[in-house]
Amino acid sequence: MAVIAFRDAIRDAMSEEMRRDKNIFLMGEEVAEYNGAYKASQGMLAEFGPDRVIDTPIAELGFAGIGIGAAANGLRPIIEFMTFNFSLVAIDQIINGAAKMLSMSGGQYSAPIVFRGPTGNAGQLGAQHSQNFENWFANTPGLKVVVPANPYDAKGLLKSSIRDNDPVIFMESELMYGDKMEVPEDEYLLPLGKADIKKEGNDVTIVSFGKMIPRVVLPAIDELEKEGISVELIDLRTVRPIDYAAVVASVKKTNRLVVVEEAWPLAAISSEIAYHVQRYAFDYLDAPVIRVNSRDVPLPYAPTLIEEILPNVKRTVEAVKAVLYK
């Protein structure tokens, strides 16, 4: 085991896979000469050279399309977006190209490609650079969507994503790149579509994913445990496909559910989870499902407003207590 940062887990996953398979390459803005905007590709240009670690112009539509074409012709690209806010420039390529290629070609062409980069807010970056699009991409048949919560998960899930034969959206967080934890030095893979029980408990289930877990949910659980409340935490890890069985099994055990998600509330992943639980675990619920999402407004710049609008520890604790009628 070695203690490494989230950014190093991303780099190690990409480097290990590129050593294993010469058809894999990394392409995006500042990934090569600058070692990545967040240093997630540190040293990769020196090891793999400019043919496999490729700097691009500021043209997401263009280099996303190049990547999809390369994938259709037998290569396995990793496309880095400096932020998924910029993926909107390339969303036609992703939705109408990568996601539909296998179906529309009658199985003749696939698109084994990974689109990766940070999602969500990262402080005072303004409304256009602080958005969550996990539910947008998860709404699209043909895509898989992965949102890891720590360095261990990030490495194992990214290696599996690179090996997957479907297009994968791999969403990180600028705020988590410095997070550190022990990660095995031996190779390991984590399966896509399988949730992880981060903590077992009996009184209430919290379902979440991504940076909400270390930044909001775990601190909230610490507070709740001081009051004798036992929380079971389910980390979805992937939001397409969703491991519904793990969520339903946990709710049948605890009889209460809170879903914490950074995205806006309308048509969110939390909406889907709430629907599925009321459909398949209704008789086990002792309270209505409560969702903790960002407020339904563009994220402002002022830090006091950011704290009020995003999911936070206080709102999560209050939601848990509400489903427990405390």
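That block above? That's the structure.
Note that the structure is a prediction, hence the values are computed from the model and not measured.

> Just to check I follow, could you spell out the nonpolar core for this structure?
In a soluble, globular protein the nonpolar side chains are often hidden away together inside. Core analysis: the biggest nonpolar cluster contains 44 residues, and Phe81, Phe115, Phe137, Ile169, Leu236 and Ile273 have the highest contact counts within it. The set of elements that each furnish at least two residues to this core consists of β2 (24-28), α3 (60-72), α4 (91-98), α6 (134-138), β7 (168-172), α9 (244-254), β13 (257-260) and α10 (269-280). Tallying contributions element by element places α3 first for this core, with five residues. When residues no more than four places from it in sequence are discounted, the contact partners of Ile273 are Leu236, Ile242, Val247, Leu257 and Val259.

> I keep staring at the sheet that holds strand β6 (residues 144-146) and nothing clicks. Help me out?
As a general point, the strands of a sheet are linked pairwise by backbone hydrogen bonds and lie either parallel or antiparallel. With respect to topology, seven strands assemble into an open sheet ordered β3-β2-β4-β5-β7-β6-β12, the strand pairing being mixed. Two strands close off the open sheet at either side, each with one partner strand: β3 (53-55) and β12 (238-240). Direction aside, neighbouring strands of the sheet carry axes that sit 20 degrees apart on average. Taken together, the five bridges between β2 and strand β4 (residues 76-80) define a ladder with parallel strand orientation.

> Please clarify how the layout of surface pockets should be interpreted in this entry.
Any empty space left between atoms is shown by rolling a water-sized probe over those atoms. Roughly 230 Å³ of internal volume is contained in the largest pocket. Of all the elements in the fold, those that place two or more residues in the lining of the largest pocket are α6, β12 and α10. Each pocket or cavity is described by its volume, and for the second largest pocket that value is around 180 Å³. Around the second largest pocket, the lining residues are Asn121, Leu175, Lys211, Met212, Arg215, Val216, Ile306, Glu307, Leu310, Pro311 and Asn312. Every element with two or more residues in the lining of the second largest pocket is listed here: α8 (212-226) and α11 (303-309). When residues in the lining of the second largest pocket are grouped by element, the largest group, three residues, is from α8. Taken together, the residues of the lining of the second largest pocket break down into six nonpolar, two polar and three charged.

> Whenever I open this one, α9 confuses me. Can you help?
Within α9 the residues assigned to the buried category are Val247, Val248, Ser250, Val251 and Thr254. Burial along α9 is one-sided: seen end-on, the buried residues are contained in an arc of 165 degrees. Contact partners of the buried residues in α9: β10 (204-208), β11 (231-235), β13 and α10. Among the residues trailing α9, Asn255 stands out with phi positive, at a value near 70 degrees.

Calculation rules
- Residues numbered from 1 in each chain as written.
- Predicted model: local features only at pLDDT ≥ 70, side-chain atom pairs only at ≥ 80, totals over all residues.
- Heavy atoms only, no water.
- Core = buried A, V, L, I, M, F, W, Y, C linked by side-chain atoms within 4.5 Å.
- Buried < 20%, exposed > 50% of the residue type's maximum accessible area, 1.4 Å probe, protein only.
- Helix = DSSP H or I, 4+ residues; strand = E, 2+ residues; numbered from the N terminus.
- Contact = heavy atoms within 4.5 Å.
- Pairing = 2+ DSSP bridges.
- Axes fitted to C-alpha atoms, helices over the stretch in contact; angles between N-to-C directions.
- 1 Å grid on protein atoms, 1.4 Å probe; cavity = no way out; pocket = protein on both sides within 12 Å on 5 of 7 lines; lining within 4 Å.
- Points joined across faces, edges and corners; volume = space filled by probe spheres on them.
- Nonpolar A, V, L, I, M, F, W, Y, C, P; charged D, E, K, R; others polar.
- Arc of directions from axis to C-beta.

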